[in-house]
Amino acid sequence: MDNFDVVIIGSGIGGLCCGSLLASRGKKVLICESHSQPGGVAHTFTRNGYKFESGPSLWNGLESISNTSPLGQILYLLDEQIEVKKYKGWKVIVPEADFDLEVGDSPFRKKIQELRGDEALNQWDSFMKAVKPLSRIIDKMPLLTTSPENLNLQEILKLSIKFLPEISHANNLRKGFGEIANKFLTDPFLKNWVDLLSFLISGMSMDDTNTAAMATLFNEWFKPNAYLEYPLGGSESVVNALIRGFKKNGGKLLLSSKVKNINFSNEFATGVTLENNETINSEFIVANCDIWNKHSLIPSHLISKFKDKEFNVEKCKSFLHIHLGFDATNIKDLPIHTIWVDDWERGITAERNIAVFSIPSVLDPSMAPKGKHVLHGYTPANEPWEIWENLKPNSKEYNDLKEDRCEVFMKPLRGIIPDIDKRIELKMLGTPVTHQRFTNTYCGSYGPAISARKSLFPGYKTPFENVLACGASTFPGIGIPAVAASGAYAAEAILGKKEFKEIISKLN
């Protein structure tokens, strides 16, 4: 195989964003993907005419180039469009009530008034007043253009002047979001609500979730004209758009090509070796994989170059999944999304206490055969790996445990669709073992559990000059906006600041 300027290990959103930006500037780029499908966690698969999602179900910023949407900005720079359907509503099932909710400030304020009264509403208003300066800072510091590792002193000074009116609030962005929430919120429902949103973003409680990430979410979800977007065709359409942008500029993608190790001459990477023992030479390596898999690619005699704390990172828990294809006859007004919480008292991170459901065929009938619906449900980062790791897949013990643990999905589903059991035509259940197998993630984990109270996520740099990293294990962290930005940061490190600025100059 030819030599390459850059080899990227993994075709998750971060790796695809990195590769497409590099290819757009004439770099010869190869992406090696271990799975048979690209996209990492964000991929779609088909069974019996149903198109099932496996990863993210909440999207926004795909159609715009807003400051808080690195993915939307990158698609714009690649001149790639995605057809989306805009919507605002989702369903909430919590111990206090079942209700339909829309994004935006006004709908949630009305719901607080209805459920908790004036005092709770006053608390929420005070809390939102404290969050708004942080959201304004985020607006003035677009993720795509402000990698902390790439800023020089002059740029830092320019940014400081830019958000001078909010400068007193800036230090809060590095803290856990709980520090702000606990100052203003005492109402149990409101505290639980913020804790829930934080957990869905990071896999951790609000105390450990980065304030910058939450300020971004609140800026998007609680502004008056807020809306969500569904990419028609599912997450596959997002991945395909990035691949189009990558390939039209000469990028090459290898599927079913797992990288066995990164090759070195002294402490300088020379390329990679695949599991089939094929060697590929490259000037740069970008690891778009989790922190544990990245370490496994490094020769043992060079592992000591990593700091000890990198080997002691705690992991978020894993997932249970349910995929259903079911009869849609005479079903009306189904929610596109539902979030269910069983018991606040058990704690937001308790196993099988939260489930999230998405029925994309409500917005996009092409996701299911005519007259049918397709559903993806999951328990978000609260399923322990340890009860699964020693079980043999497809053994009776494994299958019995899978059926038992996944029964958690049926209680809320029967609340949404009372006769769902009779309607099911196709049912597939997934465990942390399934999640690990298809996403190549360590223990099927959501990612590193790096508390904002202790430190930021590590950046794109590694101990080796020409080995970089991107994805959910690097700054800014977990989530689509974060991993897209991380891919851009790695691309900037390879291209250089001047050339990268030329790329993003189109964003004005």
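Residues numbered from 1 in each chain as written. Predicted model: local features only at pLDDT ≥ 70, side-chain atom pairs only at ≥ 80, totals over all residues. Heavy atoms only, no water.

1. A few points about helix α2 (residues 70-77)
Where burial is concerned, most of α2 is hidden: seven out of the eight residues are buried. Among all positions in α2, only P70, L71, G72, Q73, I74, L75 and L77 are buried. At its buried positions, α2 is contacted by α1 (13-24), α9 (235-247), α15 (480-495) and α16 (497-504). Following α2 by one or two positions, D79 has its phi on the positive side, about 60°. (Buried < 20%, exposed > 50% of the residue type's maximum accessible area, 1.4 Å probe, protein only. Helix = DSSP H or I, 4+ residues; strand = E, 2+ residues; numbered from the N terminus. Contact = heavy atoms within 4.5 Å.)

2. Section: the sheet that holds strand β6 (residues 89-94)
Strands belonging to one sheet form pairs held by backbone hydrogen bonds; the direction of such a pair is parallel or antiparallel. Strands sit in the order β7-β6-β14-β15-β16-β13-β17 across an open sheet of seven strands; the sheet is mixed. Only two strands of the sheet have a single partner each, and these edge strands are β7 (97-102) and β17 (424-430). Going across the sheet, the axis of each strand differs from the next one's by a mean of 15°, ignoring polarity. Here β6 runs beside β7; their pairing, made up of six bridges, is antiparallel. The residue bridging G89 from the neighbouring strand is E102, located in β7. Each of β6, β7, β14 (337-341) and β15 (354-358) touches helix α7 (residues 188-202); the most contacted strand, β6, lies at about 120° to it. (Pairing = 2+ DSSP bridges. Axes fitted to C-alpha atoms, helices over the stretch in contact; angles between N-to-C directions.)

3. Here we look at the pairing of β6
Every regular strand shows the same layout, with side chains that alternate between the two sheet faces. Of all six residues in β6, five are buried; the element is thus mostly enclosed. Taking the residues that link successive antiparallel strands as the turn, the β6-β7 hairpin has two residues. Judged from the three bridges that link them, β6 and β14 form a sheet pairing that is parallel. Residue pairing in the sheet places I93 in a bridge with W340 of β14.

4. Quick notes on the pattern of salt bridges
In the structure shown here, the tally under the stated rule is 21 salt bridges. One salt bridge connects K248 with E80, and the closest N-O pair in it is separated by 2.9 Å. One end of the pair, K248, is in the loop between α9 and β9 (252-254); the other, E80, is in the loop between α2 and β5 (84-87), with 168 residues separating them in the sequence. Among the ionic pairs, D419 bridges to R423, the shortest N-O distance being 2.9 Å. Overall, the relative accessible area of 33% leaves D419 in the partly exposed class. (Salt bridge = Lys/Arg side-chain N within 4 Å of Asp/Glu carboxyl O.)

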